[in-house]
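# Examining the three-dimensional arrangement
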Amino acid sequence: MPKFVKIVEVGPRDGLQNEKNTVPTSIKVELIRRLVSSGLPVVEATSFVSPKWVPQLADAKDVMEAVHNVEGARLPVLTPNMKGFQAAIAAGAKEVAVFASASESFSKSNINCTIEESLARYRAVTSAAKELSIPVRGYVSCVVGCPVEGEIPPSKVAYVAKELYEMGCFEISLADTIGVGTPGSVVPMLEAVTAVVPAENLAVHFHDTYGQSLPNILVSLQMGISTVDSSVAGLGGCPYAKGASGNVASEDVVYMLHGLGVKTNVDLQKLLLAGDFISKHLGRQSGSKTAIALSRVVDASNI
Amino acid sequence: MLVSSGLPVVEATSFVSPKWVPQLADAKDVMEAIQNVEGARFPVLTPNLKGFEAAIAAGATEVAIFASASESFSKSNINCSIEDSLTRYRDVVSAARELSIPVRGYISCVVGCPVEGMVPPSKVAYVAKQLSDMGCYEISLGDTIGVGTPGTVIPMLEAALDVVPIDKLAVHFHDTYGQALSNILASLQMGINTVDSSVSGLGGCPYAKGASGNVATEDVVYLLNGLGVKTNVDLGKLMLAGDFICKHLGRQSNSKTAIALSKKTANASKL
């Protein structure tokens, strides 16, 4: 079990991009500020993917301009290609992320190109980033299952992870995009990947669509992974099963990690406030059970 | 429907006074109606000798009793001290033995109490040993308010395993803080092989209104299937049972697996 786990907060990006309602720029900026002040070391701020595909984050430039000087956390942004990369840098981004898939079918349906084509695209981005000393994170989607292909061979995940690592990504985030994984599929996948990329350069990004994220995170920690992606209030539904949940809630992850004696630098109370803020704005209940439980604990006197 | 999904044990009802649990005031009628259902065992809760006798008269062939690892919770939940409850249960277990009726013992608040906060593992071990020694064939360790994480669950299980053999232990986690499945995983890693759960995650938390309670059986089965662990349960049939009761209650399932699988077929074609 690691002593410290770095939590990469993806709520403002992966969360909000999968929410039905678009949130105004000022709310996004305030959310990012509150998340940073809770102690989260990394907060993924936005995405420079074309607004044609992700209208919820069409204000990426405005958000970046408003937050790029916020101190206390790193603020990476998604960049799908050179154009997006250049726009991100112009808006003040100091760190970027690229995303490939372990599934050929998902790559084609999600980003309209093959895995190899996407890797070629990203080599251009990582080259340009290296010139400017901008760190690049690489995502691999569908690491334990694809909505089209079903099961994904661990060797495929290892291949893509290795390509991303060798082209210069400092960290590879392994994403269970549709939340179908359990330790039964996660463990063999991590074994294959850690054979080609060091554990300290890996992160896990589980979706809680089937309620399996926390046990998946637990086994990942047991295998030496010490970076976990999560989303405040469990923001972001599942794009492939309408109404089903998506990202694992940061509050639930922090609750577990603290219970395990693992440090995160996160103040759970402040994180709860950030979750409460965005949930109120979205007009819906938090997707975090910890948040719901703690907001009700005040009733403990009525036993 | 639950029995036909392959579940080996389905806790059917409770013979606690209807004054305290009006929702199960029809315990006698339920028991009489399921007398001849085959395929699963049907234990029922019995708080004392009177409840035990009523259960037997209604046809029960297995019972369960419930003590607490927390003195404060024992007093507030069943109105007596832990020792008084154990004395009461020795009578039930004696009577049960005469009739060859198996008795399961529950322990509540094993990793936290709404009044006392932290509960020492040694207290849990003490109560577990008492229940085991008096004749309970299985002890179910309940995280009543769902506050546990593997950080507290593991030391608690280590203490209980020192005094009760592993095949007599079961875990009963509430999912109030979303921690149930990782607690179950940690328990399985320690050799526990009996897990309590509730279809659709039925049952809220009595101590945090609106918060969730029992872990959803569908989510547990999904995890176990993924781990290659056999359960005898047909997840499809289990989901039908969950769907049935949720429709009746007029609310969405608390099982993420059930929600995901019910939405999958609708949209999988639309990528």
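Definitions and limits used
Residues numbered from 1 in each chain as written. Chains lettered and ligands numbered in written order. Predicted model: local features only at pLDDT ≥ 70, side-chain atom pairs only at ≥ 80, totals over all residues. Heavy atoms only, no water. UniProt positions renumbered as here; feature names shortened; annotations may be inferred. Helix = DSSP H or I, 4+ residues; strand = E, 2+ residues; numbered from the N terminus. Buried < 20%, exposed > 50% of the residue type's maximum accessible area, 1.4 Å probe, protein only. Axes fitted to C-alpha atoms, helices over the stretch in contact; angles between N-to-C directions. Parallel < 35°, antiparallel > 145°, perpendicular 65-115°, else oblique. Contact = heavy atoms within 4.5 Å. Nonpolar A, V, L, I, M, F, W, Y, C, P; charged D, E, K, R; others polar. Patch = residues over 30% accessible without salt bridge, like charges linked within 9 Å, V, L, I, M, F, W, Y side chains within 5 Å. Areas by Shrake-Rupley, 256 points an atom, 1.4 Å probe, with all protein chains shown as cover. Salt bridge = Lys/Arg side-chain N within 4 Å of Asp/Glu carboxyl O. pLDDT = per-residue confidence, 0-100. Arc of directions from axis to C-beta.

The name given to chain B in an unreviewed UniProt entry is hydroxymethylglutaryl-CoA lyase, with the source organism recorded as Rubroshorea leprosula. Per UniProt, chain B carries the Sequence similarities (unreviewed entry) text "Belongs to the HMG-CoA lyase family."

Per an unreviewed UniProt entry, chain A goes by hydroxymethylglutaryl-CoA lyase and derives from Rubroshorea leprosula. In its Pathway (unreviewed entry) section, the UniProt record describing chain A reads: "Metabolic intermediate metabolism; (S)-3-hydroxy-3-methylglutaryl-CoA degradation; acetoacetate from (S)-3-hydroxy-3-methylglutaryl-CoA: step 1/1." Per UniProt, chain A has the following entry under Catalytic activity (unreviewed entry): "(3S)-3-hydroxy-3-methylglutaryl-CoA = acetoacetate + acetyl-CoA".

### Thoughts on unusual backbone geometry
All names here are of chain A. Phi at S133 is positive, roughly 55°, even though this residue is not glycine. Among the structural elements, S133 can be located in the loop between α6 (115-131) and β6 (136-141). Here N265, not a glycine, exhibits a phi torsion of approximately 75°, which is positive. When you line up the elements, N265 lands in the loop between α10 (250-259) and α11 (268-282). For N265, a relative accessible area of 57% gives the class exposed.

### Regarding the packing of helix α5 (residues 104-111) of chain A against α6 of chain A
Residues and elements named next belong to chain A. Put simply, α5 and α6 touch, their axes get as near as 9 Å, and they point 60° apart. The pairing of α5 with α6 is recorded here as oblique in orientation. Residues E104, S107 and I111 of α5 touch α6, and the partners they reach there are I115, S118, R121 and Y122. Residues of the contact of α5 with α6, tallied by class, amount to three nonpolar, two polar and two charged.

### Quick look at a nonpolar patch on the surface
Residue and element names in this part refer to chain B. Taken together, the side chains of M1, L240 and F244 present a nonpolar region at the surface, about 340 Å² in accessible area. Examined against the element boundaries, F244 turns out to sit in helix α9 (residues 235-249). Judged by its relative accessible area of 52%, F244 is exposed.

### Quick notes on the confidence of the model for chain A
Mean pLDDT for chain A: 94, with 96% of residues reaching 70 or above. Contacts from residues 299-303 of chain A, a stretch scored under 50 in pLDDT, to residues over four places away or in other chains number seven contacts.

### Focus on helix α2 (residues 49-57) of chain B
All names here are of chain B. Looking only at α2, the buried set comprises G51, F52 and A55. Projected onto a plane normal to the axis of α2, the buried residues spread over an arc of 100° and lie on a single side. Pointing more than 90 degrees away from the buried face of α2 are the exposed residues K50 and A57. In this structure, the buried side of α2 is in contact with β2 (44-45), β3 (63-68) and α4 (82-98). Taken from the residues just after α2, G59 is the one with a positive phi, measuring 105°.

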